[in-house]
Amino acid sequence: MEQGTSGTRADTGLPMVADRAGMGAADRRHRRALRVGATILTCVAVVAAAVGWNDYRVRRAAGERYVLALADGHAREIGLAFDSLARGMRSVSSSVAFLESGGFADEEAITREALAAFLDRHPHARSVQVVERAGLPAFVDPAVPAMRLQLGPLVREGGRDWELGIAMRIHPAPGSDAPRWLAGRLGLEFFDGILADHEVGEHGVATILTRDALLVARSDTGTRHTGLNAAQSPVFSRLKVAPRSVVDARSRLDGRDRVVAFTAVGGLPLVATVGMTPRALYGGWWTFVAVLAAGFISLLLAWLAGLRFLQVAARRERRMRRSIEASEEAVGHLRERVRDVEAQYRFLYDQHPLPACVFDRETLAILEANEAAVHEYGYSRDEFLALNAAELLAEGRLEDVREEVQAYPRAYGHRIWLHRRRDGSHFHALIFASDLLSFRDRPARLVIAMDVSDRVRAEADLRLLRRAVAASEEGLFVLDVAPDRLVYANAAFNRLTGTGVTGEGLEIDPSTTEVVDARATAALREAIRRGEEAAAEVHDQRDPDDPRWLEVRMGPVPDAAGVVTHYVGLVADITARRRDAEERAFRASHDALTGLANRDCLIEAIDRAVTEHDGVVATCFLDLDRFQLVNDSLGHGVGDELLVASARRLEAAAGAGSMVARLGGDEFGVLLRCPDEAALSAQVEALRAAVAEACTVRGVALHVTPSIGYARHPVDGEDGQALLRAASQAGAQAKRLGRNRSVAYRAAFDPRAGERLELIQDLHRALQQDEFELAFQLQFDHRRQPRGMEALVRWRHPERGLLGPGAFMEACEESGLVLRLGRWVLGEAARRWCQLDERGWGGLRMGVNVSALQFQEGLVADVGGAVRRCGLPPGRLELELTESVLLASPVEARTVMQELSTQGVSLAIDDFGTGYSSLAYLKELPLQRLKLDQSFVRDLGRDPGNEAISEAILGMARSLGLAVTAEGVETEAQFSWLHARGCGEFQGYLLARPEPFDAVLARLGAPG
């Protein structure tokens, strides 16, 4: 009894002690949370205050930079406006000086016209006139150099509006020492447009003041307060220290505080200011502070809620501890029973012959492994127990193992996994697994692995073989030699041979007669008898509408003793191959569209005819007149049908013994055999009449006439090549004489053909031997600073010296060599730009001329390759196109130009004004520049017509937003005329001649 009572007291005392310990721990956590939370909140408050103050400083600095940038822009606009006014006055002054030096009789009238024109362009200028020294306003400084604008103080006379005095000294004429000035007044509405362009926010203001602190105009009140003295403003006290800065100031006019930025206008006694209210610049700071405060309050509330949660959790923890203590005794008895069961199973597990292991179902860590597993995987026991289950896999992920465990608590041969040994070798494992309730106090899974690699490989090989044989497009079969029967045939064999054999081991005896026809059976049987390979091609004509060719190949299969027991055969349909060969043979000598012989076939026929025929052998060259109109208006489909109809008519008109060939496009060649010259003339006329007759295609009556040239053997040529060439030249003469006629060849048709041929051959050689080189002509702006250069191709001929493009470019375009030459020029120009960039002149444009043929043949790809290879930035490569390139195919031209623009290429129209460009079409093109043709520039100052055209082109370019480069500028007068009318860039001998690249680099020198 006493022992029982004592034990009961001791047992009941333990929960009470635990309860008190739990209460103490909960109180400590509560106090610790209180201290830590208070510290964190204090730190957060300090950080928030620092962040708020720093944000205020950042916003203030950004606002000052912003308003200072506005003031700088304001000052620049004022300077630009006065620059424009000064240019106008200099133009008038130059005219006055010029008239004075020339002694013109109507000097005063011309001067009045010049002043009137100036006042029209500058309506804010008033009372501008030419005055002597005696009539100068008081503000004018006679020592100021000529042609420099002087600005006077604000004046207001007779109750009129405020005005500024303006004056400029005129260059005296040679031999004259009496200086004269151009003087007048400037109305303050001159500043209205400048002030109206500024966006300074609510209550912001832009102001213009004089250096002596007088208000000129404001963006909000205009000139209402003009003349107000602002000397007390902090702007002018700060202006004595720095020409531009930012100050805080309060306006005397509206009483508002503003952040004011000021900038002194260079070269003028004016100051530009922009003021913005602090709210407009950094009013969002208060919102930011409010957000910080809200965040701090939210954090404080979260901390208080956490304290409350800790109190509730402490009470729950005490209740749970009491419940756990009561359950521990019962759990202890159960653990003893589990240990006994584990000991029994442990013996069976360790002695199992198959690899077995236990892993944690949650972490997948391996908890235990038997000796068979350690031996199979090649790890030591410690290494094996350091792995997880997924690391044993050669294929699969950790997630795959987890999904398998969750889906199949008991898996008895459910899946085969690919496992990896320590040495990297793999084997296929059939897995038997079962979940364990607990192993070493962890949820676990017992796994036994059986190596089934041999079985998997055998099944895979068999499946692969069966799929390959069954899916083959060629017929496969196996023939047993002894009974002479098929033991296997796939579906392709049945389809190709028409037999009904399917499957394996069928007791059907189609033998080889089902594989080949009677003509090949004997050869195949003889090969089988001798145990050799056999092959045959069979013409299968069972279907007369679709005859086929089959190829049969058979190979012997010996047994272990070397005796041939079976044959493996293959049947392939080679019909397409045979037809392709026949088609290739036909196409090698015939035209695919019309079925006529081609050029080579015709020449061979002519060569045979001149050796066999005793009469007149003639060759005709026939070209359809204006055939391109049919393609362009009705489409290429109608054009092709017309070509076929013309071919049939020519064959009918040529008659027996003749040959009609299509030479290409709308050109035909005809071989005629005639008894005499009269018959030849009649036969040629019959050909012309046959083609000229109206032809109906798709319901449309088409009238196409031919131009025919013909040549006779032997007077016009000894062989087919010579006769066809002579006939072609006669055909060209027929076209020149008006078309729809026939012309016999005469040697006088093309006396320079040999020279052109020699030139083209020389061009081929020049491209192969790198005889071409580039010269570069610089392009300058109005300050004579280089802005770009044009790459000009030259040919250093070994005998004729250095040749310009006029000597060879036409032959290049006719022969198609311009494509190769154009690609070379493009690549070389891009490479030279890279060298410019290395010297610090990467800002210059590189201009390259593009021919019409080059524009149509892969220009986008060529340019894209050059841009990528050389890393050309956008705008550095400029392609110069002629108007004829754009007008040849406007839609395609616009598409190509848009693709080029997306690659960063600048586009210019070369020799502008010499073609017939539509202005409505030009404005839709992605152009950046027009190049004014030198034919207009050459006669500037002499030809009023050319001057009017040039001025119109410059005006049009400005309205379209296009830059203009004038070509062929050779005199200062041309340069001045173009500059005065807004031309931006100049190119010509006045500024720079075309030079080798090294000479251009020497001229440029180091960047300034």
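Residues numbered from 1 in each chain as written. Predicted model: local features only at pLDDT ≥ 70, side-chain atom pairs only at ≥ 80, totals over all residues. Heavy atoms only, no water.

In terms of helices and strands, the chain carries 30 helices and 35 strands. Taken over the C-alpha trace, the chain has a radius of gyration of 50 Å; the compact-globule value for 1008 residues is 30 Å, which it surpasses by more than 25%. Seen along its three principal axes, the alpha-carbon backbone of the chain occupies a region of about 140 × 135 × 55 Å. Look at the contacts in the chain between residues 6 or more apart in sequence, and 58% of them connect residues 24 or more apart. If the 121 positive side-chain charges of the chain are averaged to one point and the 140 negative ones to another, these points end up 10 Å apart. (Helix = DSSP H or I, 4+ residues; strand = E, 2+ residues; numbered from the N terminus. Rg over C-alpha atoms; globule rule 2.2 N^0.38 Å. Contact = heavy atoms within 4.5 Å. Lys, Arg positive; Asp, Glu negative; His and termini not counted. Charge placed at Lys NZ, Arg CZ, Asp CG, Glu CD.)

So, on to the sheet that holds strand β22 (residues 667-674). Pairing is mixed in the open sheet, where 5 strands are placed in the order β21-β22-β20-β25-β26. The sheet terminates laterally at β21 (659-664) and β26 (741-744), the two strands that pair on one side only. If you compare each strand with its neighbour and ignore which way they point, the axes differ by 25° on average. Here 4 bridges tie strand β25 (residues 706-713) to β26, and the two strands are oriented parallel to one another. Of the residues in β26, the one forming a bridge with Ile708 is Ser742. Against the sheet, helix α14 (residues 599-612) contacts β20 (616-624), β21, β22 and β25, and its axis sits at roughly 15° relative to β22. Each of β20, β21 and β22 touches helix α16 (residues 636-654); the most contacted strand, β22, lies at about 5° to it. (Pairing = 2+ DSSP bridges. Axes fitted to C-alpha atoms, helices over the stretch in contact; angles between N-to-C directions.)

Moving on, we get to the UniProt feature "domain: GGDEF" (unreviewed entry) in the chain. Here, UniProt's "domain: GGDEF" (unreviewed entry) annotation points to residues 615-747. Measuring from the first to the last C-alpha atom of residues 615-747 gives 22 Å, for a span that is 45% helix and 31% strand. (UniProt positions renumbered as here; feature names shortened; annotations may be inferred.)

We now examine the packing of aromatic side chains. The tally for this structure, following the rule as stated, stands at 12 aromatic pairs. On the basis of an interplanar angle of 85° and a centroid distance of 5.4 Å, the ring pair of Phe190 and Phe191 is categorised as edge-to-face. For the pair shown, Phe190 and Phe191 are each scored as buried. What links up through ring pairs into an aromatic cluster is the set Tyr377, Tyr379, Phe384 and Phe427. Note that Arg578 overlies the ring of Trp549, its terminal NZ or CZ placed 3.8 Å from the centroid. The aromatic ring of Phe975 is capped on one face by Arg784, whose charged end is 4.4 Å from the ring centroid. (Phe/Tyr/Trp six-rings, centres within 6.5 Å; stacked < 30°, edge-to-face > 60°. Buried < 20%, exposed > 50% of the residue type's maximum accessible area, 1.4 Å probe, protein only. Lys NZ or Arg CZ within 6 Å of the ring centre and 35° of its normal.)

Taken together, Arg28, Arg31, Arg32 and Arg35 make up a surface patch of like positive charges. Looking at where Arg35 falls in the secondary structure, it is placed in helix α1 (residues 2-102). (Patch = residues over 30% accessible without salt bridge, like charges linked within 9 Å, V, L, I, M, F, W, Y side chains within 5 Å. Areas by Shrake-Rupley, 256 points an atom, 1.4 Å probe, with all protein chains shown as cover. Salt bridge = Lys/Arg side-chain N within 4 Å of Asp/Glu carboxyl O.)

Moving on, we get to the pairing of strand β15 (residues 475-480). Bridge count between β15 and strand β19 (residues 564-573): 6 bridges; the pairing is antiparallel. Counted as the bridge partner of Asp480 is His566 from β19. For β15 and strand β16 (residues 485-489), the ladder comprises 4 bridges, and the chain directions are antiparallel. Bridge pairing links Phe477 to Ala489 in β16. Remark: 4 residues form the turn of the hairpin made by β15 and β16, two consecutive strands paired antiparallel; Asp484 in that turn has positive phi of roughly 55°.

The next thing to look at is helix α30 (residues 997-1004). Every buried residue of α30 is listed here: Phe997, Val1000, Leu1001 and Leu1004. Down the axis of α30, the sector holding all buried residues measures 100°, keeping them to one side. Every exposed residue of α30 that faces more than 90 degrees away from the buried side is listed here: Asp998 and Ala1002. Of the surrounding secondary structure, the elements contacted by the buried residues of α30 are β27 (772-781), β28 (786-797) and α21 (818-838). (Arc of directions from axis to C-beta.)

Time to look at a nonpolar patch on the surface. Residues Ile297, Leu300, Leu301 and Leu304 make up a contiguous nonpolar surface patch of about 350 Å² in total accessible area. For Leu301, the position within the fold is in helix α6 (residues 285-350). According to the relative accessible area criterion, Leu301 is exposed, its value standing at 54%.

Another point: the sheet that holds strand β3 (residues 163-170). Taken in spatial order, the 4 strands make up an open sheet running β1-β4-β3-β2, and their pairing is antiparallel. Both edges of this open sheet fall to β1 (125-132) and β2 (149-155), since each of them pairs with a single strand only. Neighbouring strand axes in the sheet, compared pairwise and without regard to direction, differ in orientation by 20° on average. Sheet topology note: the β1/strand β4 (residues 180-187) ladder contains 6 bridges and is antiparallel. Looking across to β4, one finds that Arg126 is bridged to Arg185. Its contacts with the sheet place helix α2 (residues 107-121) against β1 and β4, and it is angled at close to 150° to β1.

Bringing the environment of Arg485 into the picture now. Tracing the chain through its elements places Arg485 in strand β16. Between the C-alpha atoms of Arg485 and Val200, which are 285 residues apart in sequence, the distance is 102 Å.

Next up on the list: the UniProt feature "domain: PAS" (unreviewed entry) in the chain. The UniProt entry lists residues 461-498 under the feature "domain: PAS" (unreviewed entry), expressed in the numbering used here. Annotation note: span residues 461-498, helix share 47%, strand share 29%, distance between end C-alpha atoms 30 Å.

With that out of the way, let us pick up the nonpolar core. Across soluble globular proteins, nonpolar side chains show a tendency to be buried alongside one another. Judged by nonpolar contacts, the single largest core of 79 residues is most densely connected at Leu879 and Leu978. Tallying contributions element by element places α21 first for this core, with 8 residues. The residues contacting Leu879, other than those within four sequence positions of it, are Leu826, Val848, Val850, Leu859, Val863, Leu900, Val905, Ser906, Leu907 and Ala908. Counting 51 residues, the second-largest nonpolar core is a separate cluster that includes Phe82, Ala86, Leu115 and Ile166. (Core = buried A, V, L, I, M, F, W, Y, C linked by side-chain atoms within 4.5 Å.)

A few words now on unusual backbone geometry. Along the chain, His713 connects to Pro714 via a cis peptide bond; the corresponding omega equals 5°. Here Pro714 lies in the loop between β25 and α18 (720-736). Notably, Met147 is not glycine yet its phi reads approximately 65°, a positive angle. Its location among the elements puts Met147 in the loop between β1 and β2. You can call Met147 buried: its relative accessible area is 14%.

Looking now at the pattern of salt bridges. One pass over the structure, following the stated rule, counts 55 salt bridges. Where Arg126 meets Glu163, a salt bridge forms, and the shortest distance between an N and an O atom there is 2.9 Å. Highlighted residues: Arg126 in strand β1 and Glu163 in strand β3, separated in sequence by 37 residues. Exposure remark for Arg126: the relative accessible area of 23% places this residue in the partly exposed category. Between Arg415 and Glu404 there is a salt bridge, with its nearest N and O atoms 3.7 Å apart. Linking Arg415 in strand β12 (residues 410-420) with Glu404 in helix α9 (residues 398-407), this pair joins segments that are 11 residues apart in sequence. For Arg415, a relative accessible area of 34% gives the class partly exposed. Bridged by salt links that share partners, the residues Arg126, Glu163, Arg185 and Glu189 form one connected network.

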